[in-house]
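Spelled out from the first residue to the last, the chains are:
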Amino acid sequence: MAQKVSIDPFTRIEGHLAINLEVEGNYISDAKCVGEMFRGFEQIMRGRSPLDAQQIMQRICGVCPVSQGQASSLAQEDAYGLEIPDNGRLIRNIMLGANYFHNNVTHFYHLSAMDFIDVKGILAYQGKDRMLLDIKSWVQQEMRSKKLFPAAPFLPRYETRYIQNAEVNISALKNYFVAMDIRALAHQLVAIFSGKMPHMASNVPGGVTEQVTTKKIALCRTKTRQLREFLETEYIHDVLAVANEFPEYWQLGKSCGNYLSYGSFAQAKGNTNKVFEPGVLINGTFSEVDTASITEQVKYSKYSSDSGRGKTNPEPNKSGAYSWIKAPRYNGEPMEVGPLSRVMVAYARPGDSLLKQYTDQFLRQIGRTVEELDSCLGRHAIRIIELQLLLDRMEEWIEKLEPGQPACADFTIPASGKGAGLTEAPRGALGHWISIENSKVSNYDCIVPTTWNCSPKDDKEVSGPVEQALIGTYVQDKDNPIEAARIVRAFDPCLACAVH
Ligand code: NFE
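A brief report on the enclosed structure follows. Please read these numbers as outputs of a predicted model, since none were measured by experiment. Position numbers for residues start from 1 in each chain and track the written sequence from start to end. Local features are withheld for residues below a pLDDT of 70 in this predicted model, meaning they are given only at 70 or higher, and side-chain atom pairs are given and counted only at 80 or more; totals for whole chains, interfaces and linings count all residues. Computation of side-chain values: all heavy atoms of the structure, hydrogens and water removed.

### Topic: the overall build of the protein chain
Basically, it comes down to this: A run of H or I in DSSP becomes a helix once it reaches four residues, and a run of E becomes a strand once it reaches two; helices and strands are each numbered from the N terminus. The globule rule used here is 2.2 Å times the number of residues to the 0.38 power, and the radius of gyration it is set against is calculated over C-alpha atoms. Think of it in three bands: with a 1.4 Å probe and only protein chains considered, a residue is buried below 20% of the maximum accessible area for its type, exposed above 50%, and partly exposed in between.
Helix and strand counts for the protein chain come out as 15 helices and 15 strands. A compact globule built from 500 residues would reach a C-alpha radius of gyration of about 23 Å, and the protein chain, at 22 Å, matches this within 12%. Each principal axis of the C-alpha distribution contributes one length, and for the protein chain these read about 70 × 60 × 45 Å. Among the 500 residues that make up the protein chain, the fraction classed as buried is 60%.

Here it is in structure tokens:
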């Protein structure tokens, strides 16, 4: 008989998630992703000036405001028929790249690493290694000054196997603190052209309202170099050290095997020649993205049965519904979005791609295969591959900025129109759709990455991608299913976004 196990609240993610499991003979036989709140950003937009959208929509999330803001600007540019100047495109790419850095560092060190680091073991270290002892006392001092111990996120802990190697534990925990400063640094890089983060005041349809100056270019260079140093000397090392200690997680967390990417980081006019390329991969067959194939199903979502794509009517007490997240489907299929999808699309797309080259090189270095990336560790590893690629591009984009040239195009808002803004947020495919009537927003629709990944079952009873990644997993201790926690966190769920 199945035992019900609930991880509620599911901590160290963005927003409010519960994971409800059924476990039979130590295997997860069913899983439910429960989005526990409703927000209503789409409703807020109705009747407002379209120009409010790129500002208000950034507030869907404090982690991916750059993506939300840019998706909104892209949707309006589509509706207004706007082409943005090269400076505007380059600045957007630099801001988005810096935000990926902020996001991925947050995800690994502050949201995931505590699943692996043995905090108690570090504090109990009595060995003679001078360097380890120094770092241990530095960590203790940081914990005291930040009042982080013995409270969350360090305690309570699952009683399970953590990293055994004292050196690896201490390095990762030291970088837990260093990463806080690195996040600030990544935000500062965005802020050179955005105004204070996490709100990009300069983000508008047509580009960016800030001017390019030689001083700003120099600042971008310095901060990008500092980010690179952390990536190359610490972050890659810590991820690989975790992978080394938990090789079984290359096999855990296999999901639905369907992948969607809208692409992002345009390198040419018309929002084209994207570094992360768009594409759809269903049962191994590649096709170009056609957003008309997307539906939002609500059988198990707390919305009226006539809700769906672009229509959202809350029904909190709907019988049988278990989540505030809708179930987006592409041609009726659940789709994983995010770093793994971008890589799988890069491999499936005809022609070569930078992301494929960087991934090939990384996999050769660590002796792993592309197939193994569909796993808990794969999702962590790809995030560092993406940052290697993006930092290289960002350094090029910074050198292409032209002082004195415009970063924004002029426009007038049409009385009516429709537009779509498609991009890749750090967590995956992000779409905003705007409809304008009488120069006001008549409808606004967002389908965001975590809505895809954490979706509940759909109208045909098919589970969402995170649910599928959990089903079939062996858990050593049914009452403390750390395996499930590690698998879910590897997706980097953001429930604030998912329920928007
Ligand atoms: Ni709230 Fe977001 C990203 C978007 S996830 S973090 O990345 O869009 O649904």
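### Points about the packing of helix α6 (residues 130-145) against helix α7 (residues 166-194)
Worth spelling out the cut-off: Inter-axis angles, ranging from 0 to 180 degrees, are taken between N-to-C directions of lines fitted to C-alpha atoms, where helices are fitted over the stretch in contact. Left-handed describes a crossing whose near helix is turned anticlockwise from the far helix by less than a right angle; the clockwise case is right-handed. In what follows, a contact means two residues having at least one pair of non-hydrogen atoms within 4.5 Å. Side-chain classes follow a simple rule in which Ala, Val, Leu, Ile, Met, Phe, Trp, Tyr, Cys and Pro form the nonpolar group, Asp, Glu, Lys and Arg form the charged group, and the remainder, Gly included, forms the polar group.
Running from N to C, α6 and α7 cross one another at 35°; their axes reach a closest spacing of 10 Å. Once α6 is placed against α7, the crossing between them reads as left-handed. Here α6 contributes Met-131, Leu-132, Ile-135, Lys-136, Trp-138, Val-139, Glu-142 and Met-143 to the contact with α7, which in turn contributes Ala-166, Glu-167, Ile-170, Leu-173, Lys-174, Phe-177 and Val-178. A per-class count over the contact of α6 with α7 returns 11 nonpolar, no polar and 4 charged.

### Looking at the coordination of the iron atom of the ligand
Quick reminder of the rule: Water is not among the atoms examined, so metal sites may look incomplete; donors are the N, O and S atoms within 2.8 Å of the metal, or within 3.2 Å for Na, K and Ca.
Inspection of the coordination sphere of the iron atom of the ligand shows a single protein donor, Cys-64 (SG), at 2.4 Å. Between the iron atom of the ligand and the nickel atom of the ligand, a separation of 3.3 Å is found. As for its placement among the helices and strands, Cys-64 is situated in the loop between α2 (53-56) and α3 (65-80).

### A few points about the site of the ligand
Quick reminder of the rule: Whether a residue is near a molecule or strand depends on its heavy atoms: if one lies within 4 Å, it is near. Two N or O atoms form a polar contact when they lie within 3.5 Å of each other; inside protein one atom must be a possible hydrogen donor and the other a possible acceptor, and for residues adjacent in sequence the pair counts only when both atoms belong to side chains.
Lining the immediate surroundings of the ligand are Cys-61, Cys-64, Gln-68, Ala-425, Pro-426, Arg-427, Leu-430, Val-448, Pro-449, Thr-450, Cys-494 and Cys-497. Between Pro-426 and the ligand, the recorded distance is 3.4 Å, taken from a backbone N or O atom to an oxygen atom. Partitioning the shell around the ligand into residue classes produces 9 nonpolar, 2 polar and 1 charged.

### Re the sheet that holds strand β13 (residues 417-425)
Just so we agree on the cut-off: Any two strands between which DSSP finds at least two bridges are classified as paired.
Taken together, the 3 strands give an open sheet; going across it, the order is β13-β14-β15, and neighbouring strands pair in antiparallel fashion. Lying at the two open borders of the sheet, with one neighbouring strand each, are β13 and β15 (440-447). For this sheet, the mean inter-axis angle between neighbouring strands, taken without regard to orientation, is 15°. Across the sheet, α3 lies against β13, β14 (428-437) and β15, angled at about 145° from β13, the strand it touches most.

### A closer look at the coordination of the nickel atom of the ligand
As a reminder, the rule being used: When four donors show all angles between 85 and 135 degrees the site is tetrahedral, when four or six donors have opposite pairs over 155 degrees and all other angles between 65 and 115 it is square planar or octahedral respectively, and in every other case it is irregular.
For the nickel atom of the ligand, the protein coordination sphere consists of Cys-61 (SG), Cys-494 (SG) and Cys-497 (SG), at 2.2 to 2.3 Å. With 4 donor atoms in place around the nickel atom of the ligand and angles of 102 to 113° between them, the coordination shape is tetrahedral. Counting gaps between the donor residues of the nickel atom of the ligand yields the pattern C-x432-C-x2-C. Of the residues examined, Cys-61 reaches a relative accessible area of 4% and is grouped as buried.

### A word on the pattern of salt bridges
Spelled out, the test is: For salt bridges, the criterion is a side-chain nitrogen of Lys or Arg within 4 Å of an Asp or Glu carboxyl oxygen.
Scanning all chains against the criterion turns up 32 salt bridges. Among the ionic pairs, Asp-115 bridges to Arg-489, the shortest N-O distance being 2.6 Å. Linking Asp-115 in the loop between α4 (86-112) and α5 (119-123) with Arg-489 in helix α14 (residues 482-490), this pair joins segments that are 374 residues apart in sequence. For Glu-396, the salt bridge identified is with Arg-393, shortest N-O distance 3.0 Å. With a gap of 3 residues between them, Glu-396 and Arg-393 both fall in helix α11 (residues 376-400), about one helical turn apart. For Arg-393, a relative accessible area of 8% puts it in the buried group. The structure contains a network of salt bridges with shared partners spanning Arg-228, Glu-232, Asp-392 and Glu-395.

### A look at the sheet that holds strand β6 (residues 259-261)
Reading across the sheet, the 3 strands line up as β6-β9-β10 and stay open at both edges, with antiparallel pairing between neighbours. The open sheet has two edge strands with one neighbour each: β6 and β10 (285-287). Each strand of the sheet is rotated relative to its neighbour by a mean of 15°, with strand direction disregarded. Summarising the sheet, β6 and strand β9 (residues 279-282) pair through 3 bridges and their orientation is antiparallel. Counterpart to Ser-261 in the pairing with β9 is Gly-279.

### Section: helix α8 (residues 214-245)
Spelled out, the test is: The length a helix should cover is 1.5 Å for every residue beyond the first. Bend, at a single residue, is the angle you get between axes fitted to the 7 residues ending at that residue and the 7 residues starting at it.
Taking 1.5 Å of rise per residue, the 32 residues of α8 would be expected to cover 46 Å, and the 46 Å separating its terminal C-alpha atoms lies within 8% of that figure. Along its length, α8 shows its largest kink, about 40°, at Leu-231.

### What about the nonpolar core?
The line we're drawing: Residues belong to one nonpolar core when they are buried, are Ala, Val, Leu, Ile, Met, Phe, Trp, Tyr or Cys, and are joined through side-chain atoms within 4.5 Å.
With 91 residues, the main nonpolar core has Phe-101, Ile-117, Phe-154, Leu-173 and Tyr-235 as its most contacted residues. Examining the composition of this core, we find that 14 residues originate from one element, α7, more than from any other. With sequence-adjacent residues up to four places away left out, Leu-173 is seen in contact with Met-114, Ile-117, Val-119, Ile-122, Val-139, Met-143 and Phe-154.

### With respect to the pairing of strand β7 (residues 264-268)
Pairing between β7 and strand β8 (residues 272-276): 3 bridges, direction antiparallel. Bridge pairing in β8 links Ala-266 to Lys-274. Hairpin connection from β7 to β8: 3 residues lie between these consecutive antiparallel strands, with Gly-270 at a positive phi of about 75°.

### Description of the side chain of Gln-58
With respect to the helices and strands, Gln-58 occurs in the loop between α2 and α3. You can call Gln-58 buried: its relative accessible area is 0%. When residues no more than four places from it in sequence are discounted, the contact partners of Gln-58 are Pro-65, Gln-68, Gly-69, Pro-198, His-199, Met-200 and Asn-203.

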